[in-house]
2 protein chains.
Amino acid sequence: MGDFLTTEELEGLDAYWRASNYLAVGQIYLKRNPLLETPLSLADIKPRLLGHWGTTPGLNLIYTHLNRLINQYDLNMLFVAGPGHGGPAVVAQTYLEGTYTECYPSVERNSNGLLRLFRQFSWPYGISSHVSAQIPGSIHEGGELGYCLAHAYGAAFDNPDLIVACVIGDGEAETGPLAASWHSNKFLNPARDGAVLPILHLNGYKIANPTVLSRISEDELSALLYGYGYDAYFVEGDEPEQVHQALARTLHTMVLKIREIQHAARQPSRNEAPQRQLWPVLVLRTPKGWTGPKFVDGCRVEGTWRAHQVPLANFQAPGHVQQLEEWLKSYRPQELFDADGALLPDIAALAPTGHRRMSANPHANGGLLLRALDLPRYADYAVDLPTPGSRRAEATRVLGAFLRDVMKNARGTANFRLFGPDETASNRLDAVYEVTAKAWMDPLEADDLNLAMDGRVMEVLSEHMCEGWLEGYLLTGRHGLLSCYEAFIHIVDSMVNQHAKWLKTAAGIPWRKPVASLNLLLTSHVWRQDHNGFSHQDPGFIDLVANKTADVARIYLPPDANCLLSVADHCLRSRNYVNVIVVGKQPEWQWLDRDAAIRHCMAGIGRWDWACHDDQEPDVVMACAGDVPTLETLAAVTLLREYVPDLRVRVINVVDLMVLQSSSQHPHGLADATFDELFTTDKPVIFAFHGYPALVHRLLYKRTNHDNFHVRGFREEGATTTPFDMAVINHLDRYQLALDVVERVPRLQDQRHAAQARYWSMMEKHKLYLIEHGEDLPEVLNWQWTPAP
Amino acid sequence: MGDFLTTEELEGLDAYWRASNYLAVGQIYLKRNPLLETPLSLADIKPRLLGHWGTTPGLNLIYTHLNRLINQYDLNMLFVAGPGHGGPAVVAQTYLEGTYTECYPSVERNSNGLLRLFRQFSWPYGISSHVSAQIPGSIHEGGELGYCLAHAYGAAFDNPDLIVACVIGDGEAETGPLAASWHSNKFLNPARDGAVLPILHLNGYKIANPTVLSRISEDELSALLYGYGYDAYFVEGDEPEQVHQALARTLHTMVLKIREIQHAARQPSRNEAPQRQLWPVLVLRTPKGWTGPKFVDGCRVEGTWRAHQVPLANFQAPGHVQQLEEWLKSYRPQELFDADGALLPDIAALAPTGHRRMSANPHANGGLLLRALDLPRYADYAVDLPTPGSRRAEATRVLGAFLRDVMKNARGTANFRLFGPDETASNRLDAVYEVTAKAWMDPLEADDLNLAMDGRVMEVLSEHMCEGWLEGYLLTGRHGLLSCYEAFIHIVDSMVNQHAKWLKTAAGIPWRKPVASLNLLLTSHVWRQDHNGFSHQDPGFIDLVANKTADVARIYLPPDANCLLSVADHCLRSRNYVNVIVVGKQPEWQWLDRDAAIRHCMAGIGRWDWACHDDQEPDVVMACAGDVPTLETLAAVTLLREYVPDLRVRVINVVDLMVLQSSSQHPHGLADATFDELFTTDKPVIFAFHGYPALVHRLLYKRTNHDNFHVRGFREEGATTTPFDMAVINHLDRYQLALDVVERVPRLQDQRHAAQARYWSMMEKHKLYLIEHGEDLPEVLNWQWTPAP
């Protein structure tokens, strides 16, 4: 086989690679003397040496070759660096392309800029050592491993012209989310979506161990990738010239293969039914820390786990400064940069230009491309409600109709998708299937429902994949919503955590434009998982989100369907947030008509004066947040009417949980005066809460009346039982709430024993009925709100 | 190929399968008339129909055939039901074997018992619909999907005679943790460990969708499994007789294959170096809801997603009661049970007996087999400390020496392993490598360190696999510890959550014996991830654990190495807890000598009177929890000595976080009187906390002096910076703490402005120095404790 690259091409590629490696090593080590104009000395070297060299030369090699491919085929390509801890490589590449200087003009393309580039890396108030939101061209952090491939697929959906090159480290490949994400190709439609070009980079080692995929036989590895639905191309070597030739040739073949698949899928008149094709994947096997020191202090470094971070670290050791100098000079910087520190023009000319530069691809700054959704008037979907509590509805089913039309309106722009782990119908959002199907590329069978290659609902039984796809979709400028069983959203705690960190960082970067919020609809929640039992009962995800900063985290607990509509509309319009909406799917009583719901949700909290005869000077405040707590609270109000007719109760419902925090802590926080007016400064407050009670306490510990708050919520007591009994075993039920009131209102102290006796007799009746009938008491099942007299 | 089973064998197997299916359907539907002695009527049917029929007949088929295999080869076999939501199947099997009645004598083996068996299922105060701790023979819940295979491998480690049959649903197979767990075979040593027999059950559907693995070609699927390192055996069909024959024949072959692999590995004199072998995996393709209704209301049910839960649900519809009766009668119960409801003796005789019954395998009730670790005297490993603050040590390195000898002492019992995602050395526990290596079955290369087939440290870059292995190892009666970067333990939030639920449930079951606690060592923590940046900075895992019930959750924040030793020793002796230990790995000042550390950790909290000149009637209490907050607090004390020499400060250190909760909420909670004595009832308390401040507020909101607590902790402000600057940007640094004191002590109000000015000037100095030098101020780096005058 003759050479694929001409000598000139080969030399150009190699020079570009050397330039990027030089810049990477410089970032890790140098704080002075960036062009080695004087002999390297200890004073030139940073005091704290941070960074990951091991993966860096591989990332640079791939990036350099992809540049060539982009130029040759005029490709619209995005770069996802799974080993994002190889930050020096990606920073170097964006600097060589000029994008870095465009974003950060003080980092000029000269020796002064080089100095800044080197110094800022992993330096206080500089840039992080991982690829982060600070780096142009990136949509993926790479600090926590596992999500690069799902992000890449998310970016590719609905971007037919885009190729997302995704480098997967062999360490990351061991993680669960990554291992599952390979199957994303079953959900990518080559006719309408872009392509993902996975590059599995086997450099052989993690921090301290070999990697699994680098040590299994090539036979097993290629079978594994074929089993995942890919056609593996192998490039391997530790001799640059040979690797350049093989890599260039192979990438060329792979791009043609991608085009062939896309062309076949996009032919307007196909005779055969389209079939999922094997997409190409590149397996690149090169030494870890390639081109770095081969030995340090007698130990082999290049090609081993010792190259993972900083191969030379102890510069007190004799010869190490010199070894670093030799390493840097091995890239022959004088052949790469002019005397002023600018990249030589013939090398610079090898990079793509304008938006073809991967670092300047607008998809990586999704806010640039973001188009607001054409949202239908959500009020048109409202439940018609003559008076509070006069009918039941399934909140998520009502939302489903709205989402159906969101989906319908977005057909032209193709910028909205719905995500869920096999639960869209179970979560009662299935109205969307009237206008679209679930994406599915594999063969269909007779009883399949709502599956199609061009479906826009993304279902796979992996919360990780759903979340990763959605994040990639959002960060490239689109919109979406993920619905999930409440308990199982914990599976992606760490992903949401990392996404929130990304959003917070991105918000501080002027050139990053706002992206659509991450919208999480948590339904099938703790209070209505009685049939699935304890493993399905956990409301703790909102605790995690409440720990995120106030500029990112939003938590909504709509009490009914109309409030859900209002909240969902708001969330779909919002930008740069993590919005969590918690609401049930079961038929429940409805409380607010269209207009009342809009007002209530705009305020985030409200006094429900219709619930009580006189709530002006209340004896007690009954607060609630969440649909089931609201139901139990209102039922308790009707009990109290009967037990203590002259009691003045005030009902307060909280939709936006963050109103509870002080306004100094969260922008949604109520001013203290408003809070005190609502909750009084001295009356008992019985607070029925959807989640763990501790969350309420921590949100409002600064409030005047805090010591009088008595919060009921989930006490980690779960079981397979009935819906009402879930409330009972967690002390959130109407009888308990009514008893709480009697016990805490001073003037009712003499009724306390009678109330307790009544409570215990009711509990006995409840338990006996439950055991006998397996159902809730008729008075609970048939309870209905009656207006206050 | 002739028939494998004789007619008699075939009929026996089929009868047993029918019996188990009958019992499963009975559990889902019947509350009366268990033997259909009278025509089925609406009154016999439960009012709430819950359960998952779809996976049930497949589980029953597999279980029945495994029984045959156990008898034939006298196998020691454990059953892990990945589709644990098919609870009715597993309950039915344990009942047929008699184990259920042994555990729950009221569920007799007669018609009375049958009635109880049916009624209790998914009935309030009965049993859950998922396989749970309530069910004998189980170590795996199956409510949250993804972990069955990791649990199975964890159970097999160090149990050379055990075969763990693990049924993997094709839904669960889509999850990330499961997709990664196949590679567990690279860490299982056939010479010393047992075998895992994975059974991938392709019934084709999830809740509402086909599954990925059931729709890819058999070619891709067998390549995938080969790529994972398995040899796939396929059994497929929807005709019982044919499937029985093929399944029996195939399982027979597979067991011989397992024995062959084990025999080869265990031969005392091998000539060749052992190599990882391909383990057999069974792919069983049978219809979802097999033997259930083929059609309901004109829609196909058997073999489709419609069979997932309850195929017949609406008994108001005409003919449905009759259809259920026909379904039940299709199993020909009169050929299975005698008139009294007992299984006919010749069918019952097909089950294994005694401990060979999978439901009575002692490994599934690990506490039965648990042997306490032979722990070395931890005090022998203590850092020698003449006075507080007189030397530095790396806490986890000190622990490493102790763990090394724990490991050494456990060599004979082979009941302790250390788990970690490629971080044991990074977390400075590498002393263990003096006595063991990391388990690794693939080829070795020259620069590999500490890898061996018989290694007892389990490293793979998947927190999911590490956690799953450890859970499986613990639940089968062994001990272990997982070390993890603090931020990334969030990856397994949901797994720890589910394990805590398991422990809580198991603790209420008399026949379940206590198992060793789940010990999580979180190091490389938020305050010392300055080099890795924001993505690596998150202390929120303890918030999650604090939501678990008090009988399960334990959180420790040792301030130094000696306290870590004491805490670790305690955790390794404890049972049935989730113990979280958070401590850094960097060289830090040490505070307590051996004896002081023991006393301090036994109390969980302590007044450090050595830190202050006079702490009897303090002006202010300075509390701290966590190593870095302790350091900053003591440094603040030295600053205050200088600024306000006459100030009376009391220093309190918290090791056991749960002492903060009231004693009514947690057994470790301090009595109010003790708490008030320590923290005063009216003095300001400046609390420097390792995690998010809100956690402290929620733990102590009931305490008298709560309103005077001012908590500093992580504010979600992360960056790539220096260690001290991490404290600064989160307002936890010594200067801020000293300022907090001046601002909050009433008699210092006139010094407030001067203190603020001093603070700001120090901050300016800090930032300028940082930017210039990239290092912390010399007075911070060189700070050392000096005893109070």
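Model, not experiment: these values are computed from the prediction.

1. Focus: the interface of chain A and chain B
In many analyses, interface size is given as the accessible surface area lost on bringing the parts together.
Logical step 1: Taken together, the 121 residues of chain A in the interface contact 121 residues of chain B.
Logical step 2: Both sides of the chain A and chain B interface together cover about 9,800 Å² of buried area, and 54% of this is carbon and sulfur.
Logical step 3: Together, Tyr125, Arg215 and Asp447 of chain A form the three largest contributors to the area buried by chain A at its contact with chain B, with a combined 8%.
Logical step 4: One can count 22 salt bridges joining chain A with chain B.
Logical step 5: Salt-bridge contacts for Glu445 of chain B lead to Arg215 of chain A; the nearest nitrogen and oxygen are separated by 3.7 Å.
Logical step 6: Among the elements that take part in the side of chain A that touches chain B, helix α15 (residues 493–507) of chain A stands out by supplying seven residues, more than any other.
Logical step 7: When its residues are assigned to classes, the side of chain A that touches chain B shows 46 nonpolar, 37 polar and 38 charged.

2. Looking at the sheet that holds strand β21 (residues 685–689) of chain A
Residues and elements named next belong to chain A.
Logical step 1: Across the sheet, which stays open at both edges, the five strands sit in the order β18-β20-β19-β21-β22 with mixed pairing between neighbours. Either end of the sheet is taken by a strand with one partner, and the two such strands are β18 (605–607) and β22 (709–712). With strand direction ignored, the average angle separating the axes of adjacent strands in the sheet is 20°.
Logical step 2: Relative to β21, strand β19 (residues 620–625) is paired through five bridges, and the arrangement is parallel. Across the sheet, the residue bridging to Ala625 is Phe689, located in β21.
Logical step 3: Set on the sheet, helix α19 (residues 627–643) makes contact with β19, β20 (649–654) and β21; between it and β19 the angle comes to about 155°.

3. A closer look at the sheet that holds strand β4 (residues 230–236) of chain A
Residues and elements named next belong to chain A.
Logical step 1: Strands sit in the order β1-β2-β3-β5-β4 across an open sheet of five strands; the sheet is parallel. Of all the strands in the sheet, just β1 (76–81) and β4 have a single pairing partner and so form its edges. Neighbour-to-neighbour, the strand axes of the sheet open up by a mean angle of 20°, direction not taken into account.
Logical step 2: By the bridge criterion, six bridges tie β1 to strand β2 (residues 162–169) in an arrangement that is parallel. By the bridge assignment for β2, Val80 is matched with Cys166.
Logical step 3: Lying over the sheet, helix α6 (residues 148–156) contacts β1, β2, β3 (195–202) and β4, oriented at roughly 180° with respect to β2.
Logical step 4: Contacting β3, β4 and β5 (279–285), helix α9 (residues 218–227) runs over the sheet at an angle of about 145° to β4.

4. A word on the pairing of strand β3 (residues 195–202) of chain B
Residue and element names in this part refer to chain B.
Logical step 1: Among the eight residues in β3, eight count as buried, and that is most of the element.
Logical step 2: Residue alternation in β3 divides its side chains into two sets, Ala195, Leu197, Ile199 and His201 and Val196, Pro198, Leu200 and Leu202, and both sets are buried.
Logical step 3: Where the polypeptide runs from strand β2 (residues 162–169) across helix α7 (residues 176–181) and back to β3, its parallel neighbour, the crossover connection is right-handed.

5. Quick notes on the relation of the copies chain A and chain B
Logical step 1: When chain A is fitted to chain B, the best match, at an RMSD of 0.0 Å, comes from turning it 180° and sliding it 0.0 Å along the axis. Here the transformation between the copies is reduced to the relation of a two-fold axis.
Logical step 2: Counting the interface residues of chain A, we find that 100% of their copies in chain B are interface residues as well, pointing to one common contact surface.

6. Overview of the packing of helix α1 (residues 7–29) of chain B against helix α3 (residues 87–96) of chain B
Residues and elements named next belong to chain B.
Logical step 1: The contact between α1 and α3 brings their axes to 8 Å, and the two run at 125°. Considered as vectors, α1 and α3 are oriented oblique to each other. By crossing handedness, the relation of α1 to α3 is classed as right-handed. Contacts between α1 and α3 involve Tyr16, Ala19, Ser20, Leu23, Ala24, Gln27 and Ile28 on the former and, on the latter, Pro88, Ala89, Val91, Ala92, Gln93, Tyr95 and Leu96.
Logical step 2: Partitioning the contact of α1 with α3 into residue classes produces 11 nonpolar, three polar and no charged.

How each quantity is defined
Residues numbered from 1 in each chain as written. Chains lettered and ligands numbered in written order. Predicted model: local features only at pLDDT ≥ 70, side-chain atom pairs only at ≥ 80, totals over all residues. Heavy atoms only, no water. Contact = heavy atoms within 4.5 Å. Buried area = accessible area lost by both parts, 1.4 Å probe. Salt bridge = Lys/Arg side-chain N within 4 Å of Asp/Glu carboxyl O. Helix = DSSP H or I, 4+ residues; strand = E, 2+ residues; numbered from the N terminus. Nonpolar A, V, L, I, M, F, W, Y, C, P; charged D, E, K, R; others polar. Pairing = 2+ DSSP bridges. Axes fitted to C-alpha atoms, helices over the stretch in contact; angles between N-to-C directions. Buried < 20%, exposed > 50% of the residue type's maximum accessible area, 1.4 Å probe, protein only. Right-handed = clockwise from strand over helix to strand, strands pointing away. Least-squares fit on C-alpha atoms with pLDDT ≥ 70 in both. Parallel < 35°, antiparallel > 145°, perpendicular 65-115°, else oblique. Left-handed = near helix turned anticlockwise from the far one by under 90°.

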